[in-house]
Amino acid sequence: MKFWERVSGVDRRILYAVLALAVVLPLFFRPRPSARVSAPVRDAYNAIDTLAPGSVVVISIDYDPSSAPELQPMMLALLRHCFSRNLKVIITAQLALGLPLGDAALGIAAPEHGKSYGTDYVNIGYRPGGGAVMLGIGRELRGYFSTDTRDVPVDSFEFMRRVHNYRDIAVVVSLAHGAVADWWVQYVGARFNEPIVVGCTGVNVSSMFPYYKAGQIAGLLAGMQGAAEYESLVGRPDKATKGMLAQSVAHALIIALLVVGNVGFLLSRRRKAKA
Amino acid sequence: MVMNFIGTWVAAGLTIAILSFLYKDNPLYRLAEHIYVGISAGYAVIYVWSFDVYPMLVKKFQEHMAARNHAEAWILVVPALLGLMMLLRWIPKLAWISRWPMSFTIGIGAGLGLIATVQGYLLPQVSDTLAPLLTANAIVMYVGVISTLLYFYFSKEHTGALGVVSRVGTIFIMVAFGANFGYTVMARVSLLIGRLDFLVNDWLLGTIRLIAGR
């Protein structure tokens, strides 16, 4: 009995240290690709994979550094996939703070596949307005994005000359840590019948699944696990795959602590009731 | 290279300072917290100027004037005035004027949001929920939706049949909360992994690699 009481009353700082160790140690192991790929991630992959070469994909960076551990691996894996399929990529953002993260991912993925700015991808940046901007692209992209982030007119890029509205965009991918993904689905998916793929943080997954189940989005990448599954489909295990081992160990530890804490609590309560 | 090295050390130092709060509150944590708040406030000012005011107002006005589109240039005075009226919140006697631009913003937001919610959320979700009762999933969905809706029906006391159904609704709500919380734990652990991965690989091992010349 004393053992359980002592364990359930252990200093929280010791638990923090144990959790930190449980996360750090697995980071030294070589990442192993995810053996199981869930249907929402496979659907997201297929939505990109079945596009004809030269099709245009818009990737909207709707997150900032606070969600980068979950969403940045998705960004990198998606770019690698798009470039390997010779798709044209337009980067935009609904959060200006996300733009440097897009540049960082492009800085890795583009040289790997020999892709160059203006020919294979363009960064049109951020414009304030949220839903109004999304609706505006449905009329004419140039209404909001006449120039890219470097102030170069978008019409100076060959593939951009044929991109005017959602009819010219094969898929929109929203990597979001908040309600922005809802806007893409509700403003663009519903009104323009545009295929939407969503990558979201774990916190938002439960609000995104109804869209997936109702067929309102073409695919869904859920948190770090979704990113790891996408990495394995692309054949490039990276940060998310590496993080999933740490994730599993941390989850096992948290479950064990929950069980130990509750057993200790129940036993001590029973002892107090007897006394 | 040097700037990258310095940036990594600064980021690592601030990360450790923030994490030190887990041990106990301390001056290092408070320093990092104040730096964060200060930088965020400064960034917000630059952000509004660089992404909103300058490109959407000042630059557009200059461009239209240069192209002799006087009507399109001067119409921008309206949003500029609305913006200035919003700032009158700081002057107590004139604060009421800020309600006009506020109502303008709320009106546009409500108008855009209402159509989007009905067209892009309510109707597709109701349509998907009302699937034929041919699969176990569809049956569970029906039971879950009806019992949860009845749980929030407060015009009658939850006794008898209504009490039983609303209790079933409670179970569905609890399962939803559990799934939500599970994903939230995953998300928070992911953030911890991201920070610790940065400390171990980018900072510690990165510094060792740099010193070793590899």
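Residues numbered from 1 in each chain as written. Chains lettered and ligands numbered in written order. Predicted model: local features only at pLDDT ≥ 70, side-chain atom pairs only at ≥ 80, totals over all residues.

### Side note on the interface of chain A and chain B
Each side of the interface is counted separately: chain A has 36 residues, and chain B has 32 residues. Here the residues of the side of chain A that touches chain B are counted per class, giving 22 nonpolar, ten polar and four charged. (Contact = placed C-beta atoms within 7 Å. Nonpolar A, V, L, I, M, F, W, Y, C, P; charged D, E, K, R; others polar.)

### Here we look at the packing of helix α10 (residues 239-274) of chain A against helix α7 (residues 160-212) of chain B
Between α10(A) and α7(B), the shortest axis-to-axis distance is 10 Å and the interhelical angle comes to 125 degrees. Viewed along their axes, α10(A) and α7(B) adopt a mutual orientation that is oblique. Considering how the two elements wind past one another, α10(A) and α7(B) form a crossing that is right-handed. The segment α10(A) lies against α7(B), with A:Gly243, A:Ala246, A:Gln247, A:Ala250 and A:Ile254 engaging B:Val185, B:Met186, B:Val189, B:Ser190, B:Ile193 and B:Asp197. Counted by class, the contact of α10(A) with α7(B) contains seven nonpolar, three polar and one charged residues. (Axes fitted to C-alpha atoms, helices over the stretch in contact; angles between N-to-C directions. Helix = DSSP H or I, 4+ residues; strand = E, 2+ residues; numbered from the N terminus. Parallel < 35°, antiparallel > 145°, perpendicular 65-115°, else oblique. Left-handed = near helix turned anticlockwise from the far one by under 90°.)

### Some words on helix α4 (residues 68-84) of chain A
Residue and element names in this part refer to chain A. Here α4 is 17 residues long and its end C-alpha atoms lie 23 Å apart, about the 24 Å a rise of 1.5 Å per residue gives. Burial of α4 is extensive: 16 of the 17 residues sit out of reach of the surface. Backbone geometry just downstream of α4 places Asn 86 in the positive-phi region, at approximately 55 degrees. (Expected span 1.5 Å × (residues − 1). Buried ≥ 20, exposed ≤ 12 C-beta atoms within 10 Å, placed from the backbone.)

### Considering the domain arrangement of chain A
Residue and element names in this part refer to chain A. Taken as a whole, chain A is organised into domain 1 (1-32 + 240-275) and domain 2 (38-236). Spacing between the C-alpha centres of domain 1 and domain 2 amounts to 38 Å. Taken together, the contacts link five residues of domain 1 with seven residues of domain 2. Taken together, the residues of the side of domain 1 that touches domain 2 break down into two nonpolar, three polar and no charged. (Domains from an automatic or database assignment.)

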